[in-house]
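Here's the letter readout for the chains.
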Amino acid sequence: MKNSISDFALYGGEKVFSTFRTTTNMVPPDREVFFNYAKKAFENRQFTNNGENVKELERQLAVFHEVKHCIAVSNGFRAFMLAVKALALPHKTEVVIPSLAYRSSGYMIEWTGFIPHFCDVEAQTRTVSAQTVEKCINKNTAALAIPHPMVTLCDIDEIVALAKKHGLPLIFDSVEAVGASYKGKMIGGFGDAETFSMHASKLINSAEGGYITTNNDELADLLRKMRAFGFVAKDTVDCLGLNTKLNELHSAMGLAGLSWIERQISENKAMHLAYQEHFKDIAGLEIVPYAENEKRNWKTCLVKINSEWPFTRDLTLEILNAENINAREYYNPPLHFIYSRDRSVYADLPNTEKVCQEYFLLPFGYSMSVDDTKMIADVLKAMLRFKNELLAKG
Ligand SMILES: Cc1ncc(COP(=O)(O)O)c(C=O)c1O
């Protein structure tokens, strides 16, 4: 309970939590399921190179995403890299991607030999539209690489139509959209390929891992070759490959993670609804809701700061962080702030620069209990009660 501003941890008070509450999910998969699959690797004496576990994981993921093919790889970075490398038009130079995106998105493109062309987002949806992407399409464009934002999805039909209109390959970075559906169909089969991460901070935790989904048979064959040195037969290589296979033990983790994804999503939903309830009467802060008419993963609690909130985003985070509430910025800084002009292309991106200041992420997932959501809301309510003192000090 904060009865004066000296009760805030930033000004010497006791922290609300003795250990960090974080924004990452980090849900450890069921141990028994993991150990059973891991045991198979020992029994089969096969720890990598397309063993039983990776094949089973790919089969289950293809069913989950309602697609023909899933190609598992060592992480989401490599999944995206392989998809871009396999699909982007080879004699062109630029891949269009929004600047408001995951921090390493530009590097994922650079590793394939292309340069990122950063486009803007729509201020309302935090994601690209056909207009913001089309402005960046030119004679150098090799592909469109479109991430779904957190919580909502981009307008897939609109982007697919745009890619078709310009004859461009389309890759969705669907890391944030795992488990979601669009017009009743699971995310995974849209565009030419979609890519996912199974990092420990993601909904399906294989410790490290990633995968590509596609309905294109030829592309799937090529990606399978590329992830394993490009081999087509003993001593025969027919494409530029690398070693980015997913091994049997990480596949066992992935299978364990996938086995309880529905339970995780329902626990996430309960926590999200609890946050929404406690934030109802906090003027100036709005929890971005998940759509209830489609499948969603409920894995993130994103807050929009409206004009009535009297504090800056940075002071808000400073006060929360001091309480061990590790709330953090939403895709800030945008990528064009950290990229030099000789390694990227971009014009003015006004919506991106606005949106990156207006949102923050609240702790969510494994480090949190449903009761913690009230304690976090109480800190923000206390900030409003001591508004004048905090602003004078802050
Ligand atoms: C949107 C997005 N794309 C790609 C990645 C890369 O995934 P990985 O960490 O498995 O390499 C991440 C990781 O956080 C991500 O958030």
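Just above sits the structure.
Residues numbered from 1 in each chain as written. Predicted model: local features only at pLDDT ≥ 70, side-chain atom pairs only at ≥ 80, totals over all residues. Heavy atoms only, no water.

Chemist: Please clarify how the packing of helix α9 (residues 261–279) against helix α13 (residues 370–385) should be interpreted in this entry.
Modeler: To characterise two packed helices, one gives the angle between the axes of the helices and the distance between these axes. The contact between α9 and α13 brings their axes to 9 Å, and the two run at 25°. When the axes of α9 and α13 are compared, the pair comes out roughly parallel. With respect to the hand of their crossing, α9 and α13 are arranged in right-handed fashion. From α9, M271, A274, Y275, H278 and F279 reach across to α13, where they touch V370, T373, K374, I376, A377, L380 and K381. For the contact of α9 with α13, a count of residues per class yields eight nonpolar, two polar and two charged. (Axes fitted to C-alpha atoms, helices over the stretch in contact; angles between N-to-C directions. Helix = DSSP H or I, 4+ residues; strand = E, 2+ residues; numbered from the N terminus. Parallel < 35°, antiparallel > 145°, perpendicular 65-115°, else oblique. Left-handed = near helix turned anticlockwise from the far one by under 90°. Contact = heavy atoms within 4.5 Å. Nonpolar A, V, L, I, M, F, W, Y, C, P; charged D, E, K, R; others polar.)

Chemist: What should I look at first to understand the sheet that holds strand β15 (residues 345–346) in this one?
Modeler: Strand pairs in the sheet, formed through backbone hydrogen bonds, run parallel or antiparallel to each other. Overall, mixed pairing links the eight strands, which are arranged β1-β9-β8-β5-β4-β2-β3-β15 in an open sheet. Pairing within the sheet leaves two strands with one partner each, and these edge strands are β1 (69–73) and β15. As judged from the five bridges shared by β1 and strand β9 (residues 210–214), these two strands associate in the antiparallel manner. Its bridge partner lying in β9, V73 is registered against G210. In this fold helix α3 (residues 76–87) packs onto β1, β2 (94–98), β4 (141–147), β5 (170–173), β8 (193–197) and β9, with an angle of close to 165° to the strand it touches most, β8. Across the sheet, helix α6 (residues 156–166) lies against β4 and β5, angled at about 150° from β5, the strand it touches most. (Pairing = 2+ DSSP bridges.)

Chemist: Got a minute to help me understand helix α7 (residues 217–227) in this structure?
Modeler: Side chains that are three or four residues apart share a direction in an α-helix, a result of its 3.6 residues per turn. Of all the residues in α7, the buried ones are L219, A220, L223, M226 and R227. End-on view of α7: buried residues confined to an arc of 125°, all on one side of the axis. Tucked inside the fold, the buried residues of α7 contact α2 (52–65), β1, α3, β8 and β9. Two or three places before E218, at the start of α7, stands the capping residue N216, its side-chain oxygen 3.0 Å from that residue's backbone nitrogen. Among the residues trailing α7, F229 stands out with phi positive, at a value near 70°. (Buried < 20%, exposed > 50% of the residue type's maximum accessible area, 1.4 Å probe, protein only. Arc of directions from axis to C-beta. Polar contact = N/O pair within 3.5 Å; in protein donor to acceptor, adjacent residues only side chain to side chain.)

Chemist: I'm lost on the sheet that holds strand β14 (residues 328–329) in this one. Help?
Modeler: An order of β12-β13-β16-β14 is seen for the four strands of this open sheet, with the pairing classed as antiparallel. Of all strands in the sheet, those with a lone pairing partner are β12 (285–287) and β14, marking the two edges. In this sheet, strand β16 (residues 359–362) lies alongside strand β13 (residues 301–305) in antiparallel orientation, the contact comprising four bridges. In the sheet register, K304 faces β16, and the bridge partner there is Y359. Taken strand by strand, helix α10 (residues 313–322) contacts β13, β14 and β16, and its axis lies near 15° from that of β16.

Chemist: When you look at the pairing of strand β3 (residues 115–119) in this model, what are you seeing that I'm missing?
Modeler: Side-chain positions along a regular strand alternate between the two faces of the sheet. Counting buried positions over the five residues of β3 gives four, a clear majority of the element. Bridging between β2 and β3 involves five bridges; their strand directions are parallel. Directly across from I97, in β3, lies its bridge partner F118. Pairing geometry for β3 and β15, over two bridges, is parallel. Each residue of the ladder has a partner; that of H117, found in β15, is V345.

On their own, these measurements won't tell you what the molecule is for.
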